[in-house]
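Analysis of the macromolecular model
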4 protein chains.
Amino acid sequence: MKKLTERLRAFADARDWAQFHSPKNLSMALAVEAAELMEHFQWLSEAESHELSDEKLAEVTQEMADVFIFLVRMADIMGVDLEQAAWDKLAINENKYPADQVRGSAKKSTEY
Amino acid sequence: MKKLTERLRAFADARDWAQFHSPKNLSMALAVEAAELMEHFQWLSEAESHELSDEKLAEVTQEMADVFIFLVRMADIMGVDLEQAAWDKLAINENKYPADQVRGSAKKSTEY
Amino acid sequence: MKKLTERLRAFADARDWAQFHSPKNLSMALAVEAAELMEHFQWLSEAESHELSDEKLAEVTQEMADVFIFLVRMADIMGVDLEQAAWDKLAINENKYPADQVRGSAKKSTEY
Amino acid sequence: MKKLTERLRAFADARDWAQFHSPKNLSMALAVEAAELMEHFQWLSEAESHELSDEKLAEVTQEMADVFIFLVRMADIMGVDLEQAAWDKLAINENKYPADQVRGSAKKSTEY
C-alpha cells in the first residue's frame, strides 16, 4: 500500500492536481465512486449480484479500484494509516458486537 | 491486507453475517460509510477540511476505517485483488490523462 | 412547493445559514441524507423493504423529508423549477425508453 | 406533485418496471442520482458552484430532476406524503435548532 500511496502522489503532482485534493473534495470523489460501484447492483437481486458475468465483474472491479484509489489518496493527504485504522476499528467492534449476542441478526450487521 | 481480509471473514462468520453480505448489500454499506465520512466535511470550507482538530481527525479516521473494511470485505466476497485492481486502473489512467495535456485542469482531475 | 421553498428560505435566513448553502455544499448534504435513507434498507431483503413496521416507516419518512427539504432548498438557491425539470426529463425519457422496447427489462429501468 | 406521481406510476407500469421498484432498490437509485448531481460540483470551489455556465446548469437541472423523480416514485410506493413529511420535519427542527441559539453556526446547519 505504501508503493501505491507514493504512486498516487506522483500521479497527482505530475498533473498539478494536489490543489484540488482537499479532504473535503476527496470525500466527495470517494462517495461518487462508491455510488458508481453501487449503480451496477441497484436493479439486481442479491442472488444475481453474486453471479456477475465476466464483463460485468471487470467493470465492477474497476469501480472498486476507483474507490480504493481515492481512499488511499485521502489517507495520504490526511496522514492516516488505513490498515492501522482498520485494526483499531475492529478492536472496537469486537466489544460492540459480541459474537454470542448478535449471531445472525441483521440489525447489528450494519457495522463491522 | 491479506490478514485483514481473513480477520473480517472470521468476524462475519462468528456472527453468521455472511448471509447478509451479498455484493449488492455490501455496495450499499460501502456507500453509506462513504457518506458518513463526507458528512464531517459538508459545511467546512476546503481550507478548514485541511485543519481538523485532533478529536475530529480521530472521528474521520474511524469513518475511513469503515469504508476500508467494507471495501476489503466486498473484494473478498467477489474474489477481487484490490491492490492489483488499483495498479491496473492507474495504468489505464496514465494513458487517459497524459500529464502534459491535463496539467492543473480540474476538469480532468475527476479521475485518477 | 412554493410555500415550502419560502419557508426554508426564512428558516435559513433566521439562522444566518445561507452562507453555508452553496450549491456544492447542498449537493453534499443531499447525498448524505439520501445515504441515511438508504441505510435503513441495506440489510433488508427487497420483500422486507415493502413491509416496514410503523416505527420504521416513521423514521424512513423523516429521512425522505430531509432529502426533499435539501432538494427544494438547492433548487431555490439555483433558480431551478423542480416540477418543470421533472416533466422535461420525463419527456426525454419517453423517447429514450420506448415502452414496447424495454418492457420488463431491468437493464433499462435504471432511469425514468 | 399528484399529477407527477400518477405520471411516474403509468410510466413504470407501461414498462413493467414496478417489479424492480422495491423501496430498497429505489433508495439505491435515489442515492446514485444524488451522487451524479454531486459529481458536477466535486472539483469546483464553493464560489464556482454559484456561477455555473448555462450548459452546466442545464445538466445539473436534469440531475436534480432525476433525484426528484425517484423521490416522488419512492414516496408513492411507500404511501408517504412528501410535502406533509417536510412540514412535519420542519416543525421538529424549529424546536431542535432555535434561531437565537444557532445563528451563523455551521455546526448546527447540518440539518434543516
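So, here's what we can say about the structure. (Residues numbered from 1 in each chain as written. Chains lettered and ligands numbered in written order. Predicted model: local features only at pLDDT ≥ 70, side-chain atom pairs only at ≥ 80, totals over all residues. Heavy atoms only, no water.)

This part covers the relation of the copies chain A and chain B. With an RMSD of 0.0 Å, chain A superimposes on chain B once it is rotated by 180 degrees and translated 0.0 Å along the axis. Such values leave the two copies arranged in the relation of a two-fold axis. Ranked by how close their C-alpha atoms come to the rotation axis, the residues of chain A are headed by A31(A), at 3.2 Å. Residue by residue, 100% of the interface of chain A is reproduced at the interface of chain B, so both copies engage with the same surface. (Least-squares fit on C-alpha atoms with pLDDT ≥ 70 in both. Contact = heavy atoms within 4.5 Å.)

With that out of the way, let us pick up unusual backbone geometry. Here D16(B), not a glycine, exhibits a phi torsion of approximately 55 degrees, which is positive. Considering the arrangement of structural elements, one finds D16(B) in the loop between α1 (2-14) and α2 (23-39). (Helix = DSSP H or I, 4+ residues; strand = E, 2+ residues; numbered from the N terminus.)

We now examine the side chain of T5(A). Residues and elements named next belong to chain A. Looking at the element boundaries, T5 is found in helix α1 (residues 2-14). Judged by relative accessible area, which is 16%, T5 ranks as buried. Ignoring any residue separated from it by four or fewer positions in sequence, one finds T5 in contact with V72 and D76. (Buried < 20%, exposed > 50% of the residue type's maximum accessible area, 1.4 Å probe, protein only.)

Here we take up the interface of chain C and chain D. At the interface, 75 residues of chain C touch 75 residues of chain D. Surface buried jointly by chain C and chain D totals about 6,700 Å² across both partners, of which 70% is contributed by carbon and sulfur atoms. Linking chain C with chain D are six salt bridges. Two residues, E94(D) and R15(C), come together in a salt bridge whose shortest N-O distance is 3.3 Å. Our enumeration of links across chain C and chain D arrives at 26 residue pairs in polar contact (both at pLDDT 80 or more). (Buried area = accessible area lost by both parts, 1.4 Å probe. Salt bridge = Lys/Arg side-chain N within 4 Å of Asp/Glu carboxyl O. Polar contact = N/O pair within 3.5 Å; in protein donor to acceptor, adjacent residues only side chain to side chain.)

A few words now on the packing of aromatic side chains. The full count for this structure, using the stated rule, is 14 aromatic pairs over all chains. Taken together, a centroid distance of 6.0 Å and an interplanar angle of 70 degrees make the contact between Y97(C) and W17(D) edge-to-face. Residue Y97(C) is located in the loop between α5 (82-96) and α6 (99-102), and its partner W17(D) is located in the loop between α1 (2-14) and α2 (23-39); the two belong to separate chains. Taken together, F11(A), W17(A) and Y97(B) form an aromatic cluster joined through their ring pairs. A cation over an aromatic ring shows up here: R15(A) above the ring of F11(A), its NZ or CZ 3.6 Å from the ring centre. (Phe/Tyr/Trp six-rings, centres within 6.5 Å; stacked < 30°, edge-to-face > 60°. Lys NZ or Arg CZ within 6 Å of the ring centre and 35° of its normal.)

Bringing the interface of chain A and chain B into the picture now. Taken residue by residue, the interface counts 75 residues in chain A and 75 residues in chain B. Summing the contributions of chain A and of chain B, the shared interface buries around 6,700 Å²; its carbon and sulfur component is 70%. The tally of links from chain A across to chain B stands at six salt bridges. Of the charged contacts, one joins D66(B) and K89(A) as a salt bridge, the two residues approaching to 2.5 Å between their closest N and O atoms. Across the contact surface, chain A and chain B share 26 residue pairs in polar contact (both at pLDDT 80 or more). Secondary-structure elements contributing two or more residues to the side of chain A that touches chain B are α1, α2 (23-39), α3 (46-49), α4 (54-78), α5 (82-96) and α6 (99-102) of chain A. No other element matches α4(A), which puts 17 residues into the side of chain A that touches chain B.

So, on to the packing of α4(A) against helix α4 (residues 54-78) of chain B. Put simply, α4(A) and α4(B) touch, their axes get as near as 11 Å, and they point 155 degrees apart. With respect to their mutual orientation, α4(A) and α4(B) come out roughly antiparallel. Here α4(A) and α4(B) pass one another in a crossing that is left-handed. Along the contact surface, α4(A) presents L57(A), V60(A), M64(A), V67(A), F68(A), L71(A), M74(A), A75(A) and M78(A), while α4(B) presents L57(B), V60(B), M64(B), V67(B), F68(B), L71(B), M74(B), A75(B) and M78(B). Class assignment of the residues belonging to the contact of α4(A) with α4(B) gives a composition of 18 nonpolar, no polar and no charged. (Axes fitted to C-alpha atoms, helices over the stretch in contact; angles between N-to-C directions. Parallel < 35°, antiparallel > 145°, perpendicular 65-115°, else oblique. Left-handed = near helix turned anticlockwise from the far one by under 90°. Nonpolar A, V, L, I, M, F, W, Y, C, P; charged D, E, K, R; others polar.)

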